[in-house]
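So you can see what is in the structure, the chains are spelled out below.
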Amino acid sequence: MSGNVEVLLETKDLEVTYGRIEAVKGISISVAAGEIVAVLGANGAGKSSLLKAIYGLVAPRGGEVRLVGRPLPPRLAHMRVANGLALVPEGRQILVSLSVDENLRLGAYRRKDAASLEHDLEAIYARFSNLNQRRHMSASTLSGGEQQMLAIGRALMAKPSLLMLDEPSLGLSPRLVGELFELLRQLNEEGLSILLVEQNTHKALQIAHRAYVIELGRCVAEGTPRQLHEEGKIEEAYLGQNGAG
Ligand SMILES: Nc1ncnc2c1ncn2[C@@H]1O[C@H](COP(=O)(O)OP(=O)(O)O)[C@@H](O)[C@H]1O
Ligand SMILES: [Mg+2]
């Protein structure tokens, strides 16, 4: 990235522990305004723990999270939302007992601007025609791909400046993964900054401007997709991911 780009989000030496398990052992990452940044790594690397600490769902044991230069207090996820962060959690976590429309409105629970809220809701229905057709149906009737779109739509209803996604491609068919990544690329072109956690290294590096590779709670490589490929870091990460098998 060039000189004067605004840093939106930064972690400094962030540590997350669960009892004696050290899931995140001092990770420093940043996302500048307008970037798609990928966090790559095998199962158990600490990716979700990193996102949860950024979003305030777990209190870090050490280090800090800064948003536009200001430290964020630990926990207090609602403050993250108010400050422009949105998270699409692992496994989507939409509410299957509610309708599509109710799920989308939940994403806007902190907004008081009723008129522009309705406008944004219609914009989301215009973008996701499958959701539009099922507005008043239970979210349980959606396919896996539609549920992922609903989870993203719900996050967008908060009008975030930074969208964080935890393994959004998990469980989707190759075609839907392609559509998902095309959507993320479009949202980014429209101005949204994105922090994308993925095990699908190949697809993530097709849209990311920069990436970090995480192994056992530490960052072992970072750079542009081209740098990571040229330095052989991605092949190494793949070997780690696939183990001996
Ligand atoms: N709630 C928890 N309690 C105890 N250990 C956990 C918890 N969540 C994650 N871990 C452990 O922390 C490590 C990192 O997990 P996680 O952040 O989920 O990694 P990833 O998302 O990269 O798969 C793993 O060893 C995992 O077993
Ligand atoms: Mg995870």
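Residues numbered from 1 in each chain as written. Chains lettered and ligands numbered in written order. Predicted model: local features only at pLDDT ≥ 70, side-chain atom pairs only at ≥ 80, totals over all residues.

For the rest of this paragraph, the subject is the overall build of the protein chain. Counting its secondary structure elements, the protein chain contains 10 helices and 11 strands. Compactness check: the protein chain gives a C-alpha radius of gyration of 18 Å against a globular reference of 18 Å for 245 residues, within 12% of the reference. Projecting the C-alpha coordinates of the protein chain onto the three principal axes gives extents of approximately 50 × 40 × 40 Å. The buried share of the protein chain, taken over its 245 residues, is 38%. Counting contacts in the protein chain only where the partners sit at least 6 residues apart, residues at least 24 apart contribute 68% of the total. (Helix = DSSP H or I, 4+ residues; strand = E, 2+ residues; numbered from the N terminus. Rg over C-alpha atoms; globule rule 2.2 N^0.38 Å. Buried ≥ 20, exposed ≤ 12 C-beta atoms within 10 Å, placed from the backbone. Contact = placed C-beta atoms within 7 Å.)

Per the domain assignment, the segments of the protein chain are domain 1 (7-84 + 160-242) and domain 2 (96-158). One C-alpha centre belongs to domain 1, the other to domain 2, and the line joining them spans 24 Å. Top contributing element to the side of domain 1 that touches domain 2 by residue count: helix α2 (residues 77-82), with three residues. Here the side of domain 1 that touches domain 2 is built from residues that sort into eight nonpolar, two polar and no charged. (Domains from an automatic or database assignment. Nonpolar A, V, L, I, M, F, W, Y, C, P; charged D, E, K, R; others polar.)

Its 14 residues place the ends of helix α4 (residues 114-127) 20 Å apart at the C-alpha level, agreeing with the 20 Å of an ideal helix rising 1.5 Å per residue. The element α4 is barely covered by neighbouring structure, given that only one of its 14 residues are classed as buried. (Expected span 1.5 Å × (residues − 1).)

Quick look at the nonpolar core now. Residues A38, V39, A155, M164, L195, L196 and A211 are the most contacted members of the largest nonpolar core, which totals 63 residues. With six residues, the top contributor of residues to this core is helix α6 (residues 144-156). Domain assignment of the residues forming this core places at least three in each of domain 1 (7-84 + 160-242) and domain 2 (96-158). With residues up to four places along the chain from it excluded, the contact list for L196 reads I36, A38, L165, L184, A204 and A208. (Core = buried A, V, L, I, M, F, W, Y, C linked by C-beta atoms within 7 Å.)

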